[in-house]
Structures are given as structure tokens and as C-alpha cells.
Number of protein chains: 4
Amino acid sequence: MPKSLDDLARELRDFVHERNWAQFHAPKNLAIALMVEAAEVAEHFQWSTLDESANPGPAKRQAIAMEIGDTLLYLVRLADVLRIDPIEAASAKMKLNAERYPVERAYGRSAKYDEL
Amino acid sequence: MPKSLDDLARELRDFVHERNWAQFHAPKNLAIALMVEAAEVAEHFQWSTLDESANPGPAKRQAIAMEIGDTLLYLVRLADVLRIDPIEAASAKMKLNAERYPVERAYGRSAKYDEL
Amino acid sequence: MPKSLDDLARELRDFVHERNWAQFHAPKNLAIALMVEAAEVAEHFQWSTLDESANPGPAKRQAIAMEIGDTLLYLVRLADVLRIDPIEAASAKMKLNAERYPVERAYGRSAKYDEL
Amino acid sequence: MPKSLDDLARELRDFVHERNWAQFHAPKNLAIALMVEAAEVAEHFQWSTLDESANPGPAKRQAIAMEIGDTLLYLVRLADVLRIDPIEAASAKMKLNAERYPVERAYGRSAKYDEL
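Residues numbered from 1 in each chain as written. Chains lettered and ligands numbered in written order. Predicted model: local features only at pLDDT ≥ 70, side-chain atom pairs only at ≥ 80, totals over all residues.

Caption draft 1: Representation of the overall build of chain A within the structure. The number of helices and strands found in chain A is 6 helices and 0 strands. Each helix (α) and strand (β) of chain A, taken in turn from the N terminus, gives the series α-α-α-α-α-α. Over its C-alpha atoms chain A spans a radius of gyration of 18 Å, topping by over 25% the 13 Å that the globule rule assigns to 116 residues. Each of the 116 residues in chain A was classed as buried or not, and the buried ones make up 47%. Pairs at least 24 apart in sequence give 65% of the contacts found in chain A among residues at least 6 apart. (Helix = DSSP H or I, 4+ residues; strand = E, 2+ residues; numbered from the N terminus. Rg over C-alpha atoms; globule rule 2.2 N^0.38 Å. Buried ≥ 20, exposed ≤ 12 C-beta atoms within 10 Å, placed from the backbone. Contact = placed C-beta atoms within 7 Å.)

Caption draft 2: View of the environment of Met66 of chain C. Within the secondary structure layout, Met66 of chain C lies in helix α4 (residues 58–81). The spacing of Met66 of chain C and Val41 of chain C is 25 residues in sequence and 8.7 Å in space, taken between C-alpha atoms. The residues contacting Met66 of chain C, other than those within four sequence positions of it, are Ala89 and Lys93 of chain D.

Caption draft 3: A look at the relation of the copies chain B and chain A. Mapping chain B onto chain A calls for a rotation angle of 180° and an axial translation of 0.0 Å; the resulting RMSD is 0.0 Å. In the structure described here, the two chain copies are related by an operation that fits a two-fold rotation axis. The fraction of interface residues of chain B whose copies in chain A are also interface residues reaches 98%, indicating that both copies meet through the same surface. (Least-squares fit on C-alpha atoms with pLDDT ≥ 70 in both.)

Caption draft 4: Spatial organisation of the interface of chain C and chain D. The interface is formed by 58 residues belonging to chain C together with 58 residues belonging to chain D. Put simply, the parts of the chain that give the side of chain C that touches chain D at least two residues each are α1 (5–18), α2 (27–43), α3 (50–54), α4, α5 (86–100) and α6 (103–106) of chain C. At 13 residues, α4 of chain C tops the list of elements feeding residues into the side of chain C that touches chain D. Here the side of chain C that touches chain D is built from residues that sort into 40 nonpolar, 10 polar and 8 charged. (Nonpolar A, V, L, I, M, F, W, Y, C, P; charged D, E, K, R; others polar.)

Caption draft 5: Up close: the relation of the copies chain C and chain D. The operation relating chain C to chain D is a screw motion whose rotation component is 180°, with 0.0 Å of axial translation and a residual RMSD of 0.0 Å. Taken as a fraction of all interface residues of chain C, those also at the interface in chain D reach 100%, which identifies the copy contact as same-surface.

Caption draft 6: Spotlight on the interface of chain B and chain A. Each partner contributes residues to the interface: chain B has 58 residues there, and chain A has 57 residues. Put simply, the parts of the chain that give the side of chain B that touches chain A at least two residues each are α1 (5–18), α2 (27–43), α3 (50–54), α4 (58–81), α5 (86–100) and α6 (103–106) of chain B. Of the residues in the side of chain B that touches chain A, the class split is 40 nonpolar, 10 polar and 8 charged.

Honestly, it's all geometry; don't read function into it.
Okay, here's the thing in C-alpha cells:
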């Protein structure tokens, strides 16, 4: 089993090349696919209450896991094609968020940083 | 810097708890956020040709990296709240895809598995 | 003011041609734009409870209205470019839904038609 | 057949009440549904070139029409629940766009208004 995003990216590269699919993997196409998969994750929660969403039954949790897996595959593939390191990017974004949402102002509030 | 998705998940957990934000992090809410961030990735490619999308300038690549980072953060957080291992899920999905898209039938074709 | 979707489609056509934008309006691009705008609608409800979402304050309702307007503009434009009548399409879909969700089975239930 | 968005909104209201579904139609839920349907429109164009997207075959055009119909249904329902007039909103937005994208600056360019 792949252990890291780098492993995943490598396996995906092989998967794509074996099938001669690189021709379809323009970032624009992959970005649509990423959004479509993220929507399929959200579809599982469409009619749930917030509480229900935290406790899906086993079959639903399994289905959600598959959609999260799909979303991660496209995210990793898109980043790979663009030569972006997704963990580095997430880490840079988290650092920015720490500045935008200082604990003392953001505590217990869901407002966007420009409205805090 | 975090080196793995587990590291990211842990840092996010701390980030959220310091700000008393766990109350907002129902999976339903996180799934909306994931979809919104994925849409922000796609927005960068909205009017590009396929070729242009493969060669964003440095400023655009940087902006895209930030949105990919945001998308990964919400994906990791959502998976963490649901106690799903995202790499395991992606790996299971890739295995399923290998069955759905055998090389000999899928070679050079973008059709969905049920239309191959 | 436009009174119908046909009026809107016509005004949009003029708007686009005056700006020489038809070159950007491939259905693929418009479909991304539609999805991005729909995500901007949803973003307003990202952290709300269900009850809160039903009672946005005046400023928020106004902002949501603008995003709904944007979503409708892209929907109408996409349909126009593909020569699809959106009201006819919605009407055909509603008819299909009436068959898929017969009152006696669907009453008070949010399950998808294939799980009713 | 409904002739206008008002007709559609009225028919949807009846459809929902007959099935006792108003309990599920919080704006937050409808906004997720709207985004999911918009993603299903985009999914049809995921792997197409721009040119191909302008010329779907008859079966694909029909499938796209159904997804556009679904998207419009949720848009109309969401607007109805929030007491927003979607045509008025689109018209207000188009007026704003006319100011943001004056012909002389926007001609033949796809840049966002704040980068024109």
C-alpha cells in the first residue's frame, strides 16, 4: 500500500501512462474532476442534519471514504502535473491561516478573516 | 514542516481546538468547505485553453498552489473527523479503478467504465 | 428589466458579443463557471446551522441574491449556447421526478429514488 | 408546461408539499443540492476539448439538458425558500457586470474585472 502522497503520485503516474491517459490530464480537466469528486462527497450529506453527518452508518461511511479517496487521487494527480507539492502548499496555507485567524480574535467564531 | 497527512491532521486538530472551532466542524460543513475550495482551484482554469492550463505563469501557479493547499486541508480535516484514513481510501479506490479500467479496454480512451 | 429567461438569454447574447467574448464561451468553460458560482452560493451557508440558513440577515440575503443571479446567468448562457430550453428541461426533469418519487413511497423521506 | 420561473416555483412548492419534504428544504441543504447538480453538468465536459464541448451528440445533449433542468429546479426552489426573485437578481448582477466590464476595457479579454 502507498504510504505517502509521493507514493500515491508515483502510482498514479504509472496508472495513467499504462492507459495512455496523459493526453486527457490537462490541469483544467483534472480541476473539473477534482470538483466533481468533492461534490460527490458533499452529496452524501445533502439532506442530513449536522448531527447525522457526524455519525454515518457503516455502509455510508464506506461510500464516503471512497469519494474522499477519489478526491485525494485527483488532488494528488493535479498537483503532480503542475509540479506542486500538496503538503508544502497545505502547510504554507495553514501558516497564513494562523496569521489571519489569531486565537484571541477567532476564538469560537466562524466569521471570515476579513470580517473578524 | 508537516511531512505526512497524519502530521497535517494533527496540526489541524490543534489549530481547531485552540480556536474552539470543533463546534463548526460537522462533516456536512467540512464537505461544503471542501467543495468550495475545489471550485476555487477550478476557477483559475475557467477561461483557459487546455494548453494554457498546463503552463500557468509563476503568480498563477502560486495562487493555484494555495487553493490546492486549502483543498487538502479540508479533505484531511473531514477525513480525520470521520476517522477515515485518506491514503488508505485513495489506495482502495485506485485498486477498484484498476479493475474497472483494464489496460486493454481503457487504453487511450476517456469513457467512463460503464461505457467502455 | 428582463421578464423571462428568454429575455435574459437575449441580453446576455448582446452583452457577450459587444465584448467579443463568444470565443471564451465554450460549454466546457461555462459549465465550470456555473459550478464556481453555485459554490459561491453554498459558501454563504458553509458554517450556518440549518435554521440559521433559513434566516439570513438583510446584507447576507442580498449577497446570496447576487450569487443566485450569477448562477442563473451562467445557466441561461450555457443552455443558450447548447440550444437547450432550460424551462422545458426543468419541466421534463420534474415529470421524471414525479415518477421516481411517488407520493406514497416518498412521503416524508429524503432517500434517493433507488433506495426508496 | 410551466412557462416561467414563477410557474416552476409554484409547481415545485406543490411537489414538495405533497411529499412533506419542506422539512428537508433548508437553504443550506438546497445550496448543496444546487452545487451537486452543477457539478453533474460539468462532469459531462470533464474530458472534452473545448470544441467537443460545443458539439455533444444527441444522447449527450439530452443528458446535459436533464442536468441543466435539475440545476434550474434547485436554483428556483432555493430562491423561492429565501424569497429572492431570481430574474431580478440576475438582472441586477448583469447591470453590475456592465459597470465592471466596460466594453472598451473588456473587449476580447477574459481577465477578472479587478485585473482589467
